Amino acid sequence: MAVLVGKAAPDFVAPAVMPDNSINEKFQFSQHIKGKYAVLFFYPLDFTFVCPSEILAFNHRLNEFKSRNTEVIACSVDSHFTHLAWKNTPEEKGGIGHIQLPMVADLSKSIARNYDVLINDEVALRGSFLIDREGIVRHEVVNDLPLGRNIDEMIRMVDALQFSEEHGEVCPAQWQKGKAGMKPTSEGVADFLAHHGKEL
């Protein structure tokens, strides 16, 4: 499996269902996220089981991402028509309702293939990619099909990336927003462990 961390996020143009339920036939990823951070997440299929819980969890935290100048985009190998039908299905009937993030249709499976999350040439694994303002992948995690992801952890990673960019420090294990970072020197790690080692 290819690792994309440190590399340019593969760009794509594909149909997408937008937050207002309109269809953008030529949604261009790089233009949509220009000058922003982005989380691109893949899921296997519409109208399945773990997927709606993840999409709703992202949607419930959308303001948290937006307050961090971060766009969230979903992608699966379904058509945009299926995406729209799923959005038009209420949650109590297994749908996702009117979520407010773009849903990309990867019918050709080329996007999932370029991000190396396509399994058995059928569906995408639960891949999540954090992309910085320069379009570089800075964090990725891929879960197998039965394993739902932790959306709060992705928010933590956005915070960690922005902290590191702002302060020039690195984020140690268990770091949370508001906690101390570490200077990337031998003195810095010694000082951090002296003051915070027992908290790890």
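Residues numbered from 1 in each chain as written. Predicted model: local features only at pLDDT ≥ 70, side-chain atom pairs only at ≥ 80, totals over all residues. Heavy atoms only, no water.

An unreviewed UniProt entry annotates the chain as Thioredoxin peroxidase originating from Acidithiobacillus ferridurans. UniProt, in the comment section headed Sequence similarities (unreviewed entry), describes the chain in these words: "Belongs to the peroxiredoxin family. AhpC/Prx1 subfamily." (UniProt positions renumbered as here; feature names shortened; annotations may be inferred.)

S.K.: Explain the nonpolar core to me, using residue names and the numbers behind them.
M.R.: Core analysis: the biggest nonpolar cluster contains 25 residues, and Phe65, Leu101 and Met103 have the highest contact counts within it. Contributions of two or more residues to this core are made by strand 3 (37–42), helix 2 (50–60), helix 3 (62–66), strand 4 (70–76) and helix 6 (151–167). One finds Leu40, Phe42, Cys75 and Ile131 within the second-largest nonpolar core, a separate group that totals 24 residues. (Core = buried A, V, L, I, M, F, W, Y, C linked by side-chain atoms within 4.5 Å. Buried < 20%, exposed > 50% of the residue type's maximum accessible area, 1.4 Å probe, protein only. Helix = DSSP H or I, 4+ residues; strand = E, 2+ residues; numbered from the N terminus.)

S.K.: Explain the pairing of strand 9 (residues 137–143) to me, using residue names and the numbers behind them.
M.R.: Where strand 8 (residues 126–131) and strand 9 come together, 6 bridges link them in antiparallel fashion. Bridged to Ile131 within strand 9 is Val137. The antiparallel hairpin formed by strand 8 and strand 9 contains 5 residues in its connecting segment, where Gly135 sits at a positive phi of about 85°. (Pairing = 2+ DSSP bridges.)

S.K.: Give me the UniProt feature "active site" (unreviewed entry) in the chain: which residues, what numbers.
M.R.: Under the local residue numbering, the UniProt record ascribes the feature "active site" (unreviewed entry) to Cys51. Looking at where Cys51 falls in the secondary structure, it is placed in helix 2. Accessibility expressed as a relative area gives 1% for Cys51, which makes it buried. Discounting chain neighbours no more than four positions away, the residues touching Cys51 are Tyr43, Pro44, Leu45, Trp86 and Arg126. (Contact = heavy atoms within 4.5 Å.)

S.K.: Tell me about helix 2, residues and numbers included.
M.R.: An α-helical segment advances 3.6 residues per turn. Residues three or four places apart therefore align on the same side. Most of helix 2 sits out of view: 8 of its 11 residues are buried. For helix 2, the complete set of buried residues consists of Cys51, Pro52, Glu54, Ile55, Leu56, Ala57, Phe58 and Asn59.

S.K.: Break down the sheet that holds strand 8 for me, with residues and values.
M.R.: Strand order in the open sheet formed by 7 strands is 2-1-5-4-3-8-9, and the pairing between neighbours is mixed. A single partner strand is all that each edge strand has here, and the edge strands are strand 2 (23–28) and strand 9. Averaged over all pairs of adjacent strands, the angle between their axes in this sheet comes to 25°, without regard to strand direction. Alignment of strand 4 against strand 5 (residues 103–105), held across 3 bridges, turns out to be parallel. The residue of strand 5 that forms the bridge with Cys75 is Val104. Each of strand 1 (13–17), strand 2, strand 4 and strand 5 touches helix 4 (residues 80–87); the most contacted strand, strand 5, lies at about 150° to it. (Axes fitted to C-alpha atoms, helices over the stretch in contact; angles between N-to-C directions.)

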